[in-house]
Amino acid sequence: MSVPPESSEVWAALHWRERRCIEQRRIDLEAVVRERSPPCYVRAVDAALVRRDSELRAYLRERLAAGRVPAQWPNAQVAPLPALSAVALSGGGVRSASFNLGVLQRLHELGLLTKADYLSTVSGGGYIGCSLAAYADGVARRAAPGPLEFPFERANGPENDNVVIRHLRRFSSYLVARGFIDALVAALTAIGGIVANALVLAPLFLLFALLAVYQIELDPRGHARVVAAALAVVAAIIALGYAAARAGPGWEERERRGRRAAVAAAGCLVLALLLLQPVLIVELDGLGWGSALTGGGLASVLAAAARLRLPRLRGPVRLALLLALVLVLLWLVYLALAAFLYHLSAEQGIVTLTGNVATVFVGLWLVGRFLLPANCGSLHAFYRDRLSKAYFVVPPGTRDASRLQHRQDCQLSTLRTGAAPYLLVNACLNVSDAPAADDDLAGEYVRPGRKGTFFLFSTLGVGSDGLGYVRAEAFENENGLASSLATAMAISGAAFGANMGYNTRAAAVALLTLLNVRTGAWMKFPWQKHPNALTGMPFMQKLLGDYAYLTLAREAWSRFDNRNRHGDVLLSDGGHVDNLGIYPLLKRRCTLIIASDAEADPAYTFEGLSASVRLAKIDLGYTVDLDYEHLAGVRDGKRHFAVGTIDYGGGLNGTLIYLKSSMTDEARRNVFLLHYQKANPAFPHEPTSDQFFTESQFEAYRALGYFVCSKVFEGPG
C-alpha cells in the first residue's frame, strides 16, 4: 500500500496550518457567550468531544438507550491532537442544497454547527455551504468576533423565514431566474461553444480539402483506385494472418503482435479511403450542389432515426454508434467542402484557389489562436454567475433588512468565516487513465479506472496531493479570479461534461466535446518549471492556442498531463470522485463526522456512501463500518440515518453519523410532505438534472432535511 498522504510534506504543511486556524477559532468561540442553551444531550455530546471521561460515556449510553439518537459515539481512545468534528454535505444540485439547508438549520438550533471544526461540501452541498461561508465573511467584516450569525435562521416563529430564506426560495430556479432572458443567454453560450469548435476545425477541413483537390489534379484518371483496392486486400490479409497466428508464443508476444497487426490494418484501410476520395469528390461535383446538400440532409435524418432506435442498445454501444454517426456526418461535410473547392479550381485555377484558401486558413487560425480562451465554450462562467447571484448574499444592516447585498468579490484567500466551520470545497482533477510508467503520479495518486483524483479549494490551500498545495492567493492571481469562492462552488458542481472522473465514458468524450456539453473549467495551477522546460507551455499549445490545444485536443481525447508540467488542469464536479464529501474528513482523522446524503438514490443502493468507504480503505487504509440493520431500515423506509465506526488504526477510532434523504411513515404525518410526495412520486430522489425548482419543491426538500436531522438528534423528551 502506498504511503498515506498524512506523511507527505505538502499534506502535513497544509494540515498544520488548518489545525492552527481551527485552534484559534476554538479559542475565540470560548470567549463568546452563547445566545441560547442547547438541550442536555447536546451538551453531553459537546463534553464527550472534549473530555470523553467514563462518567459522560455512561450518561450518553443511558440517554441513547432511552431515545432515538445514534446508538454509538466515539470510544475512549484519545487522539494525539485535539479531537476534530465535521459536517459533510453531499452533492445533488438544488435538491441537495435545499435538503442540506434544512439540515444546517436544525444543526444550528441544536448548537452542533458551531461545534463542528470542518464543513466539507460537494456540488449542490457546496451551494449552501459556500453561501454560509460568504455570509459569515460579510458579517465578520462589519462586526467584532461573536456568535455565529446564522443566515438561514427562522425569524419570528416556525413558519416565518428571514429575508435570506425568501431570497433562496425565489432563486431556487437559479439558471433561469429571470425567465426567457436567462434561458436565451444559456442557449447562446452553448451555441457559441459549438461555433468555437467549428472555427477551430474549419482550418483543418480546408487544408485536407485542398490536398484532396491537388490529389485529383495529380491523378485525373483515378489510377489510385487500384492502389486503394490493393491496400484493402492487404488489410484483410493482415487480419487473417493474425487470427491464424493466435496460437503462437506467450501472451505478451501475442499482445504485441495484435497491436502491430491492428495498427497496420487500420493504416491500410485509412490510406485506401484517402485514395478513394477523389472519386467521391468528382462524383459529388457532377451531381451538383443540390444533390450534395440533400445527401447531407438525408444523413442527418438517418442519424436522427437511428437515435430513436438506439435506446434499445446498451449504453456504451449506443454512445459508440452515436459517435460513428457524427463522424460520418462530419466526413460528408468534408467531402462536400472538397467538391466545392474542386468546382472553384476549375473556374479560378489551382494557384488562385490555393491563395484564397491560404488567406481564409490564416484568418481562422488567428481567431482560434488569439481570440478563443480555453473556457470560452464552457458553461462554467454562466453557471458561476447564476450560482453566486442566488447564493452569495449578505444584508447591509440587520438580518431582517428588506434588501440584500449580493457578494461579487468573495475571495478564498481573504475569507473570514468567524464562528462558522472551516470550509472545504471538493472538486475532481481529471487525469489520464493510463499514465506513463515513469509518471510520478501513476502509482501514488492516479488509480487505474478512476480517471480523476481529489482536488481541494480552501482558504489555506488549493490543490491536490499529487500537484501539491498553493496558497489561495497564488491560485487567484494565476487565473485572474475576481471571486474564487464562486469559481470553486461552480467547479465543484460542474456535473455534466465530456470528462467526469470515474463517470467518464470513453465512447462519449469526443462526441460530447464536439457538441460542447461542458460545465467544467480549465484552470492554471502555479507550478515550478522543470530544468529542461524552455517555456511555460508546449509548442503545440503555442501554435494552436489554448482552446484548440486544451479543449479540442486534450479534452476530446481525455489526455492530460498528470504531472502538470505546463500548469493547465481540467477541474469538474467533486462528485466525480467522492459525492458524499467525507474523504477529506477521513484524511484529517475527524473523530465525529455528520454526513448528510441527498444524492438521487431511488433504489437506496447507497452508491455515494459505498464509494467513499471503498476509497478510504484503498487510499488511506481506514475502515468505515456501518450498521447493516440501520442501512436496511433506511432502505425499507423505517429510519433516516445509520451509525458507523471509523478505524483509523493505532488505537484511534471515530464515529460516522450518516443522514439519508428518505421518507418514513413518521415523515408522511407532515401533511405538506405527504401531499408533495403524492403529487411527485420520485420525491425525495427527483433527478439532479432538474435545476429548476418551484417554491413547493424547494420547501419540500428543506422541510425534509430539517425533519430528518430532528429525528436523528431527537432527545428522549
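For the structure, see preceding data.
A. Seen up close, the overall build of the chain. Secondary structure summary: the chain contains 24 helices and 14 strands in total. The buried share of the chain, taken over its 717 residues, is 50%. A separation of at least 24 residues holds for 78% of the contacts in the chain among residues at least 6 apart in sequence. About 32500 Å² of surface is accessible on the chain, with carbon and sulfur atoms providing 61% of the total.

B. The arrangement of unusual backbone geometry in detail. Here the bond from Phe683 into Pro684 is cis, since omega is 5°, no more than 30 degrees from zero. Of note, Pro684 is situated in the loop between helix H23 (671-679) and helix H24 (695-712). A positive phi is found at Lys451, a non-glycine position, where the angle reads about 60°. Here Lys451 lies in the loop between strand S5 (422-430) and strand S6 (452-457). Although it is not a glycine, Phe606 sits at a positive phi angle of roughly 55°. Judged by its relative accessible area of 9%, Phe606 falls in the buried class.

C. Looking closely at the environment of Ala420. Following the sequence through the fold, Ala420 ends up in the loop between strand S4 (405-406) and S5. As a C-alpha pair, Ala420 and Ala133 span 287 residues in sequence and 7.0 Å in three-dimensional space.

D. Here's a closer look at the pairing of strand S1 (residues 85-89). For S1, the tally of buried residues reaches five of five residues, placing the bulk of the element in the interior. In S1, alternate side chains face the same way, and those of Ser85, Val87 and Leu89 on one face and Ala86 and Ala88 on the other are all buried. Bridge count between S1 and strand S11 (residues 592-597): five bridges; the pairing is parallel. Bridge pairing links Leu89 to Ser596 in S11.

E. A look at the nonpolar core. Tyr391 and Phe457 are the most contacted members of the largest nonpolar core, which has 88 residues in total. Looking at which element gives the most residues to this core, the answer is H24, with nine residues. If you look at the next biggest cluster of nonpolar residues, it comprises 39 residues, including Cys428, Leu586, Ile593 and Leu631.

F. Up close: the packing of helix H4 (residues 93-110) against H24. The contact between H4 and H24 brings their axes to 7 Å, and the two run at 40°. When the axis of H4 is compared with that of H24, the two are oblique. Classified by chirality, the crossing of H24 by H4 is right-handed. Of the residues in H24, those touching H4 at Arg95, Ser98, Phe99, Leu101, Gly102, Val103, Gln105, Arg106, Leu107 and Glu109 are Phe698, Tyr701, Arg702, Leu704, Gly705, Tyr706, Val708, Cys709 and Ser710. Residue composition of the contact of H4 with H24, grouped by class: 10 nonpolar, five polar and four charged.

G. Local environment of the packing of aromatic side chains. Evaluated as defined, the whole model comprises 18 aromatic pairs. Here the aromatic rings of Phe455 and Phe525 are separated by 6.1 Å at their centres, their planes lie at 75°, and the arrangement is edge-to-face. A residue pair is termed long-range when its members are at least 10 positions apart, and Phe455 in strand S6 and Phe525 in the loop between strand S9 (521-524) and helix H18 (539-544) qualify at 70 residues. What makes Phe455 buried here is its relative accessible area of 1%. Given the relative accessible area of 1%, Phe525 is considered buried. The rings of Tyr127, Tyr174, Tyr383 and Tyr391 are connected pair by pair, giving a single aromatic cluster. When the ring centre of Tyr118 is taken as origin, the NZ or CZ atom of Arg588, which lies over that ring, is 5.5 Å away.

H. Region of the structure containing the pattern of salt bridges. For the structure on display, the rule yields 16 salt bridges. Between Arg450 and Asp619 there is a salt bridge; the shortest N-O distance is 2.9 Å. Here Asp619 lies in helix H21 (residues 607-620) and Arg450 lies in the loop between S5 and S6, a separation of 169 residues in the sequence. Residue Asp619 is classed as buried on the basis of its relative accessible area of 7%. Salt bridges linked by common partners bring Asp597, Glu599, Asp601 and Lys660 together as one network.

I. Fine view of helix H14 (residues 380-391). With 12 residues, H14 should reach 16 Å at 1.5 Å per residue; the first-to-last C-alpha distance of 16 Å fits that figure. Burial in H14 covers these residues: His380, Phe382, Tyr383, Arg386, Leu387, Ser388, Ala390 and Tyr391.

J. Representation of the pairing of strand S2 (residues 118-122). Burial analysis of S2 places five of its five residues in the buried class, which makes it a mostly covered element. Bridge count for S1 against S2 is four bridges, and the pairing is parallel. Residue pairing in the sheet places Leu89 in a bridge with Thr121 of S2.

Cut-offs and rules
Residues numbered from 1 in each chain as written. Predicted model: local features only at pLDDT ≥ 70, side-chain atom pairs only at ≥ 80, totals over all residues. Heavy atoms only, no water. Helix = DSSP H or I, 4+ residues; strand = E, 2+ residues; numbered from the N terminus. Buried < 20%, exposed > 50% of the residue type's maximum accessible area, 1.4 Å probe, protein only. Contact = heavy atoms within 4.5 Å. Areas by Shrake-Rupley, 256 points an atom, 1.4 Å probe, with all protein chains shown as cover. Pairing = 2+ DSSP bridges. Core = buried A, V, L, I, M, F, W, Y, C linked by side-chain atoms within 4.5 Å. Axes fitted to C-alpha atoms, helices over the stretch in contact; angles between N-to-C directions. Parallel < 35°, antiparallel > 145°, perpendicular 65-115°, else oblique. Left-handed = near helix turned anticlockwise from the far one by under 90°. Nonpolar A, V, L, I, M, F, W, Y, C, P; charged D, E, K, R; others polar. Phe/Tyr/Trp six-rings, centres within 6.5 Å; stacked < 30°, edge-to-face > 60°. Lys NZ or Arg CZ within 6 Å of the ring centre and 35° of its normal. Salt bridge = Lys/Arg side-chain N within 4 Å of Asp/Glu carboxyl O. Expected span 1.5 Å × (residues − 1).

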